[in-house]
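Per-entry structural report
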Amino acid sequence: MNVSSKQIQWFPGHMFKSLREIREKVKLMDIVLVLLDARLPFSSMNPELTKIVDKKPILLLFNKMDLSDERILNQYISLYEAKGYHTLKIDAQTGKNVNKINALAREVLKDKLDREKAKGLKERPLRTMILGIPNVGKSTLINTLSKSGATKTGNTPGVTKAQQWIKMGSDFELLDTPGVLWPKFEDQTVGMHLAVTGAIKDKILPETEVVFYALNFLKTHYLKRLTEKYEITANDDLQAMLDKIGTKRGCLVRGGEIDYDRVYTIVLTDIRNKQLGGLSFDRPETLSV
Ligand SMILES: Nc1nc2c(ncn2[C@@H]2O[C@H](COP(=O)(O)OP(=O)(O)OP(=O)(O)O)[C@@H](O)[C@H]2O)c(=O)[nH]1
Ligand SMILES: [Mg+2]
């Protein structure tokens, strides 16, 4: 398998515009919430993040923790914390740990908030925005945060462009347009990991190569899960793995031939829907932060 870097140069033109807009908006924030994919703590991080966010405090939120392999996720969290980042694992869909974001943000901003208090200013919502690569869960988090807030009002008095802010109880004022970052895209492995998890559109990389990569990866790191799910063993090569999955899942066409296109879809769907348990694709040994 040889995917040229050209094939994964998917960076769409509108990302440049979005980057400019994000830079402008970040200036208004107390703190920036950066969503990473818990299965891809390296590949879902934008290499230029610190430049974009300039000197604003950052909270790294590892979303989709329910889909990840927590043992590997914890290794990455230690690495990021060693670099000085504040981190939290969340599941924006069920809301797990989402209620901890406010307290953590206030802890990070303690000095600034204490100074305001000393000046006699009242406690106020924190201004924030959510940044992250496509499909990482930005809209889901906004929905969950606004539901958990005591009130949600479109019109916030005292805020200049009121209609742009979502007020979430007394915790946050959130800019209503999430910032879409692009992931790193020159590294072949990173491209594969983004494709396997659905962070980049399926048509950007050839599906066969993505599926072959995924099966080989799973065989190396999660053989037991493959055995439990599809009866795949260590002796099976790629062809044998595809045939076993096809047979087991009834992907047959007339004449008993296997319909491989259906097998490919099944493999990707099973991975993304947690049918093989929590999986982590980035590994700190090879993709270290
Ligand atoms: N299992 C799981 N799924 C999640 C979680 N958060 C979001 N999702 C799912 O991930 C998919 C993408 O979520 P969105 O909130 O639309 O992602 P987004 O970052 O707004 O995506 P774009 O607007 O395309 O950039 C949806 O199918 C969500 O239901 C999570 O914590 N766990
Ligand atoms: Mg969205």
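The present account deals with the structure reproduced in this document. Predicted model, so just to flag it, every value in this text is computed and none were measured.

1. Some points on the overall build of the protein
- Looking only at helices and strands, the protein has 11 helices and 8 strands in total.
- Looking at the protein residue by residue over its 289 residues, the buried ones come to 35%.
- For the protein, the proportion of contacts with a sequence separation of at least 24, taken over those separated by at least 6, is 67%.

2. Let's talk about the site of ligand 1
- Near ligand 1, the surroundings consist of 17 residues, among which Gln93, Gly137, Lys138, Ser139 and Thr140 are the closest.
- For the shell around ligand 1, the element with the highest residue contribution is helix H6 (residues 138-148), accounting for 3 residues.
- Here the residues of the shell around ligand 1 are counted per class, giving 6 nonpolar, 7 polar and 4 charged.

3. Comments concerning unusual backbone geometry
- Unlike most non-glycine residues, asparagine 135 shows phi in positive territory, near 70 degrees.
- Residue position: asparagine 135 is located in the loop between strand S4 (126-132) and H6.
- Here the phi dihedral of glutamate 231 falls at roughly 60 degrees; this positive angle occurs in a residue that is not glycine.
- Residue glutamate 231 is classed as exposed on the basis of its 12 C-beta neighbours within 10 Å.

4. Comments concerning the nonpolar core
- Ranked by internal contacts, the top residues of the largest apolar core, which has 69 residues, are Val32, Val34, Leu35 and Ala214.
- In terms of domain composition, this core takes at least three residues from each of domain 1 (5-180) and domain 2 (188-272).

5. Considering the pairing of strand S1 (residues 31-37)
- Counted residue by residue, S1 has 7 buried out of 7 residues, so it is predominantly covered.
- The side-chain alternation of S1 yields two buried faces, one formed by Ile31, Leu33, Leu35 and Asp37 and the other by Val32, Val34 and Leu36.
- Note that S1 and S4 share 4 bridges and pair parallel. Considered in S4, the bridge of isoleucine 31 is made with threonine 128.
- The pairing of S1 with strand S2 (residues 58-63) spans 6 bridges and is parallel. Bridge assignment links leucine 36 to a residue of S2, and that residue is phenylalanine 62.

6. Structural notes on the packing of helix H7 (residues 188-197) against helix H8 (residues 207-221)
- As a packed pair, H7 and H8 sit with axes 10 Å apart at the nearest point and diverge in direction by 95 degrees. It follows that H7 is roughly perpendicular to H8 by the angle criterion. Where H7 abuts H8, its residues Met192, Ala195 and Val196 lie against Val210, Tyr213 and Ala214.
- When grouped by side-chain class, the residues that make up the contact of H7 with H8 number 6 nonpolar, no polar and no charged.

7. Here's the deal with the environment of asparagine 216
- Mapping asparagine 216 onto the fold places it in helix H8.
- Taking C-alpha positions, asparagine 216 is 9.5 Å from methionine 241, a pair spaced 25 residues apart along the chain.

8. Some remarks on the pairing of strand S7 (residues 172-175)
- Side chains of S7 alternate between two faces, with Phe172 and Leu174 and Glu173 and Leu175 buried alike.
- Here 3 bridges tie S4 to S7, and the two strands are oriented parallel to one another. In the strand pairing of S7, threonine 128 is matched with leucine 174.
- Looking at chain direction, strand S6 (residues 165-168) and S7 are connected through 4 bridges and run antiparallel. By the bridge assignment for S7, lysine 167 is matched with glutamate 173.
- In this structure, the hairpin formed by S6 and S7 is closed by a connection of 3 residues, where glycine 169 is found at a positive phi of approximately 55 degrees.

9. As for helix H10 (residues 238-248)
- Of all the positions in H10, only Met241, Leu242, Ile245 and Gly246 are classed as buried. Summarising the axial view, the buried residues of H10 lie within an arc of 130 degrees, below the 170-degree limit, and thus occupy one face. Looking at H10, the residues exposed on the side facing more than 90 degrees away from the buried face are Gln239 and Ala240.
- Residues of H10 that are buried in the fold lie against H8, helix H9 (223-230) and helix H11 (260-272).
- Looking one or two places after H10, you find glycine 250, whose phi comes out positive at around 70 degrees.

Rules behind the numbers
Counting restarts for each chain: residues are numbered from 1 in the order of the written sequence. Naming scheme: in the order in which they are written, chains are lettered from A and ligands are numbered from 1. In keeping with the model being predicted, local features are shown solely for residues with a pLDDT of at least 70 and side-chain atom pairs are shown and tallied solely at 80 or more, while totals for entire chains, interfaces and linings include all residues. Strands here are runs of E lasting at least two residues and helices are runs of H or I lasting at least four, both read from the DSSP assignment and numbered beginning at the N terminus. Each residue is classified by how many other C-beta atoms fall within 10 Å of its C-beta atom, where C-beta atoms are placed from the backbone; a count of 20 or more means buried, 12 or fewer means exposed, and values in between mean partly exposed. Note on contacts: each residue gets a C-beta atom placed from the backbone, and two residues are in contact if those atoms are within 7 Å. Contact assignment follows one rule, namely that a residue is near a molecule or strand if its backbone-placed C-beta atom lies within 6 Å of it. Each residue is assigned to one of three groups, with Ala, Val, Leu, Ile, Met, Phe, Trp, Tyr, Cys and Pro labelled nonpolar, Asp, Glu, Lys and Arg labelled charged, and all others, Gly among them, labelled polar. Defined on buried residues, the nonpolar core groups Ala, Val, Leu, Ile, Met, Phe, Trp, Tyr and Cys residues joined through C-beta atoms within 7 Å. Residue ranges for the domains trace back to a domain assignment, done automatically or taken from a database. Paired strands, as defined in this entry, are two strands with at least two bridges between them according to DSSP. Note on geometry: axes are C-alpha line fits, over the in-contact stretch for helices, and angles between N-to-C directions span 0 to 180 degrees. Angle categories: roughly parallel below 35 degrees, roughly antiparallel above 145, roughly perpendicular from 65 to 115, and oblique for all the rest. Directions pointing from the helix axis toward each C-beta atom define the arc.

Interpretation in functional terms is not warranted from these geometric data alone.
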